[in-house]
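Close look at the chain arrangement
Letter by letter, the chains look like this.
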Amino acid sequence: MATLANCAAASHLVAKEKLASLSTESTFLGLQLHGHGQNAVRMINKVSKSHAIATSIRANAVAAPVETLKPADGKKTMTKSSCIITGASSGLGLATAKALTESGEWHVVMACRDFLKAEKAAKSVGLPKGSYTVMHLDLASLESVRQFVTNFRNSGMPLDVLVCNAAVYFPTAKEPTFSAEGFELSVATNHLGHFLLARLLLEDLEKSQSKAKRLIIVGSITGNTNTLAGNIPPKANLGDLRGLSGGLNGVNASPMIDGGAFDGAKAYKDSKVCNMLTMQEFHRRYHEKTGIAFTSLYPGCIATTGLFRSHIPLFRTLFPPFQKYITKGFVSEEESGKRLAQVVSDPSLSKSGVYWSWNNDSSSFENVLSEEASNQDKAKKVWEISEKLVGLE
Ligand code: LMG
Ligand code: NDP
Ligand code: PMR
């Protein structure tokens with residue numbers, strides 16, 4: 001015990017010394033450091049709790065959240081907020097990272113399965129240097145999700161907003177494919193991986209000093225059968241959840257949530273229903289207790305993204321003009337990124353439990369979810385079964 005206590009005291013000292021040695025212009029991982037304040041104190045406490053890991057590496061890592069921005073006028077010093085975006089290596093996630101980092105007010109953690117692709121993507125769209133960090137996350141492996149959470153915590157960065165954005169879509173697959181734990185891959189990636197991630201990071205979000213701590217889970221119109229788009233077959237339908245209860249393994253249980261035969265397009269739409277139900281269940285269980293705002297959104301039809309990469313070439317060619325000129329539901333990646341960035345940071349979009357959508361003139365409104373995507377009983381059941389599947393019970 002005495003040794004542990006000494007270790008803790010030593011780690012506290014190392015951290016303090018390190019922070020003290022960070023002069024106004026020192027850099028860490030290429031970030032400009034201009035001061036510490038509350039965050040630094042918070043991190044020292046964190047370090048002293050972690051006893052034996054009292055290394056100077058850790059002490060260095062705790063320097064990250066003190067990153068601040070000095071506006072050109074040199075008068076005010078503003079501390080950046082911090083946001084994790086899953087799947088920020090392309091499409092909506094990348095465009096959102098761009099919108100947020102360009103504002104100068106956000107540091108974005110790009111949580112991606114392909115580190116190199118994410119780095120290249122960040123450079124290709126010109127994310128400002130030092131405004132982002134790439135961290136490895138493969139949502140198709142629960143082990144990877146847990147490792148990501150550990151790595152993120154070790155970085156010492158605070159967490160103000162978590163965006164569950166990544167997704168896969170297998171519209172032409174004849175047979176299901178499976179995640180590391182043996183769950184059908186689209187529900188595993190889009191729903192179960194995010195479910196575990198969000199549950200684990202809830203305590204980190206709760207500690208955020210920001211007034212606007214938010215957890216956002218990207219939804220979609222195609223999961224909502226109260227719309228035309230949601231009525232294009234195959235329609236989303238979770239049924240009585242028998243496939244999900246059985247573990248979606250395709251061996252002794254159906255790979256589909258409702259227990260039916262595999263259909264890749266339906267599996268995607270079902271996973272989006274789970275995303276929207278999960279957001280509402282989070283809201284009911286945790287909004288009052290934590291002050292975190294839980295929201296979802298339909299960003300518009302971003303018909304050019306990598307989501308359609310495995311669709312037939314004819315579809316990929318015709319889908320964008322179809323959405324642009326016929327349904328008028330098309331939005332550019334840039335516009336969709338601005339919309340999600342609004343949900344992350346706009347003070348007027350702080351309400352919890354909302355599914356945001358935008359009119360054609362790009363003004364946001366609180367949309368109405370379909371009967372199934374707002375069914376409280378189903379939300380509770382999806383939550384409880386998902387807990388079992390990801391090992392949270
Ligand atoms: C399922 O099929 C697949 O089985 C499944 O594997 C998966 O892919 C899933 O949701 C994904 O789809 C759905 C199927 C059912 O839909 C189709 O097959 C329709 C394919 C059409 C794809 C949209 C892009 C094509 C648009 C062509 C338009 C060209 C526009 C160029 C614009 C230029 C402007 C200057 O779908 C149905 O059951 C459909 C039933 C409802 C049909 C309602 C039709 C509404 C009319 C809308 C206008 C469409 C224009 C048609 C033009 C066709 C010309 C090729
Ligand atoms: P993209 O394919 O462009 O982006 C999806 C991202 O998810 C990619 O960065 C991809 O990584 C990442 N990803 C996939 N699998 C994993 C995994 N196992 N672990 C970590 N990351 C993973 O699609 P969009 O930008 O269109 O999709 C983003 C979100 O928007 C999704 O939630 C989608 O459902 C939603 N949405 C999209 C619409 C659209 O019209 N496009 C409409 C409505 C909602 P990698 O780059 O390595 O492949
Ligand atoms: Mg859909 C207002 C009409 C509208 C909108 C907003 C969308 C969005 N779609 C609309 C209409 C139609 N779609 C019509 C009339 C058709 C039949 C021609 C149609 C077909 C269609 C297909 C085949 N649409 C699709 C597909 C896909 O494969 C996409 C999909 O379902 O992915 C799961 C898709 C989409 N339509 C949308 C949006 C946003 C998508 C894809 C992305 C998503 O939901 O995440």
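Our structure's up above, just so we're on the same page.
Residues numbered from 1 in each chain as written. Chains lettered and ligands numbered in written order. Predicted model: local features only at pLDDT ≥ 70, side-chain atom pairs only at ≥ 80, totals over all residues. Heavy atoms only, no water.

**Brief notes about the overall build of the protein chain**
Counted only if it meets this: Only DSSP runs of H or I reaching four residues or more are called helices, and only runs of E reaching two or more are called strands; each is numbered from the N terminus. Accessibility here uses a 1.4 Å probe with only protein chains present; expressed as a share of the type maximum, an area under 20% marks a residue as buried, one over 50% as exposed, and anything in between as partly exposed. Whether two residues are in contact is decided by their heavy atoms: any pair within 4.5 Å suffices. All accessible areas in this document rest on Shrake-Rupley with a 1.4 Å probe, and a residue is counted as covered only by the protein chains that are shown.
If you tally the helices and strands in the protein chain, you get 12 helices and 12 strands. Out of the 393 residues belonging to the protein chain, those deemed buried represent 53%. Relative to all contacts within the protein chain whose residues are 6 or more apart in sequence, the contacts with residues 24 or more apart total 72%. Total accessible area computed for the protein chain in this model is approximately 17400 Å², and 55% of it derives from carbon and sulfur atoms.

**Points about the site of ligand 1**
We count it as follows: Each residue is tested against the molecule or strand, and it is near if at least one of its non-hydrogen atoms lies within 4 Å. Polar contact criterion, stated in full: a pair of N or O atoms within 3.5 Å, where within protein one must be able to donate a hydrogen and the other to accept it, and residues adjacent in sequence count only if both atoms are side-chain atoms. Under the grouping applied here, Gly and all other residues not named as nonpolar or charged are polar, the nonpolar ones being Ala, Val, Leu, Ile, Met, Phe, Trp, Tyr, Cys and Pro and the charged ones Asp, Glu, Lys and Arg.
Ligand 1 sits among 14 residues. The nearest are Tyr 169, Pro 171, Pro 233, His 311 and Phe 322. In the environment of ligand 1, an oxygen atom lies 2.9 Å from a nitrogen or oxygen atom belonging to the backbone of Pro 171. Isolated, ligand 1 exposes 1200 Å² of accessible area, and the fraction of that covered by the protein chains is 41%. Elements supplying a minimum of two residues to the shell around ligand 1: helix 9 (264–290) and helix 10 (313–327). Ranked by residues supplied to the shell around ligand 1, first place goes to helix 10 with 6 residues. Residues of the shell around ligand 1, tallied by class, amount to 12 nonpolar, 1 polar and 1 charged.

**Some details on the nonpolar core**
The condition that has to hold: We call a set of buried residues a nonpolar core when its members are Ala, Val, Leu, Ile, Met, Phe, Trp, Tyr or Cys and they connect through side-chain atoms within 4.5 Å of each other.
Core analysis: the largest hydrophobic core is formed by 63 residues, its most contacted members being Ile 84, Phe 148, Phe 152, Leu 162, Leu 201, Leu 215 and Phe 282. Ranked by residues supplied to this core, first place goes to helix 7 (residues 185–206) with 11 residues. In contact with Leu 201, not counting residues within four places along its chain, are Ile 84, Phe 148, Val 149, Phe 152, Leu 159 and Leu 162. Counting residues in each nonpolar core, the second largest holds 32 residues, with Val 108, Leu 297, Val 331 and Leu 340 among its members.

That's the geometry; what it means functionally is another story.
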